[in-house]
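These are the residues of each chain, in order.
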Amino acid sequence: MTDLKPGEQRLFAYPTAFTTLPEYTAHRGQAVVIVRPLQEGKEYDLDPDAPDPMYRIKASDGWEADAWESELQPIEGATP
């Protein structure tokens, strides 16, 4: 687990198996910016079997959503 920082760019690696959220699917593979971490217990519940924090993200087209840390992969050559 890492501590992603607001302003960092990451690749939105939304799983291909998930197709019920069309906006998420449409942004799969795109660079997004970390807006802020979400508050555990207030904005999401942490799964004790897979402790993966969530973050608010924003795409270049203005779309904002919430994503698990595991869905936010480093972009080669991007500044952390």
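Residues numbered from 1 in each chain as written. Predicted model: local features only at pLDDT ≥ 70, side-chain atom pairs only at ≥ 80, totals over all residues. Heavy atoms only, no water.

Caption draft 1: Molecular detail of the overall build of the protein chain. A tally of regular secondary structure across the protein chain gives one helix and five strands. Starting at the N terminus, the α and β elements of the protein chain follow one another as β-α-β-β-β-β. Compactness check: the protein chain gives a C-alpha radius of gyration of 12 Å against a globular reference of 12 Å for 80 residues, within 12% of the reference. Projecting the C-alpha coordinates of the protein chain onto the three principal axes gives extents of approximately 30 × 30 × 20 Å. Here the protein chain, with 80 residues, has 29% of them falling under the buried criterion. Put simply, the protein chain shows about 5200 Å² of open surface, and 52% of that area lies on carbon and sulfur atoms. Computing the positive centroid from 7 side-chain charges and the negative centroid from 15, the protein chain places the two 6 Å apart. (Helix = DSSP H or I, 4+ residues; strand = E, 2+ residues; numbered from the N terminus. Rg over C-alpha atoms; globule rule 2.2 N^0.38 Å. Buried < 20%, exposed > 50% of the residue type's maximum accessible area, 1.4 Å probe, protein only. Areas by Shrake-Rupley, 256 points an atom, 1.4 Å probe, with all protein chains shown as cover. Lys, Arg positive; Asp, Glu negative; His and termini not counted. Charge placed at Lys NZ, Arg CZ, Asp CG, Glu CD.)

Caption draft 2: Representation of the packing of aromatic side chains. The final tally for this structure, using the stated rule, is seven aromatic pairs. Ring geometry for Tyr14 and Tyr24: centres 5.3 Å apart, planes at 50°, overall tilted. Highlighted residues: Tyr14 in the loop between β1 (9–12) and α1 (22–27) and Tyr24 in helix α1, separated in sequence by 10 residues. Through successive ring pairs, a cluster of aromatic residues spans Phe12, Tyr14, Phe18, Tyr24 and Trp63. (Phe/Tyr/Trp six-rings, centres within 6.5 Å; stacked < 30°, edge-to-face > 60°.)

Caption draft 3: Looking closely at the pairing of β1. With three bridges connecting them, β1 and strand β2 (residues 31–37) associate as antiparallel partners. Pairing of Leu11 across the sheet is with Ala31, part of β2. Sheet analysis places β1 next to strand β5 (residues 72–73), joined by two bridges and oriented antiparallel. The residue of β5 that forms the bridge with Phe12 is Leu72. (Pairing = 2+ DSSP bridges.)

Caption draft 4: Quick peek at the environment of Ala26. Position of Ala26 among the secondary structure elements: in helix α1. Judged by its relative accessible area of 48%, Ala26 falls in the partly exposed class. Residues Ala26 and Tyr14 lie 12 residues apart in sequence; the distance between their C-alpha atoms is 9.5 Å.

Caption draft 5: Expanded view of the side chain of Asp52. Turning to its location among the elements, Asp52 is positioned in the loop between β2 and β3 (54–59). The buried charged residue Asp52 lacks any salt bridge partner; its closest oppositely charged side chain belongs to Arg10, at an N-O distance of 10 Å. Within the local environment of Asp52, its side chain forms a polar contact with the backbone nitrogen of Glu69, the two atoms lying 3.2 Å apart. Looking at Asp52, its side chain comes within polar contact range of the side chain of Ser70, at 2.5 Å. When near neighbours in sequence (up to four residues on either side) are disregarded, Asp52 contacts Tyr44, Leu46, Trp68, Glu69 and Ser70. (Salt bridge = Lys/Arg side-chain N within 4 Å of Asp/Glu carboxyl O. Polar contact = N/O pair within 3.5 Å; in protein donor to acceptor, adjacent residues only side chain to side chain. Contact = heavy atoms within 4.5 Å.)

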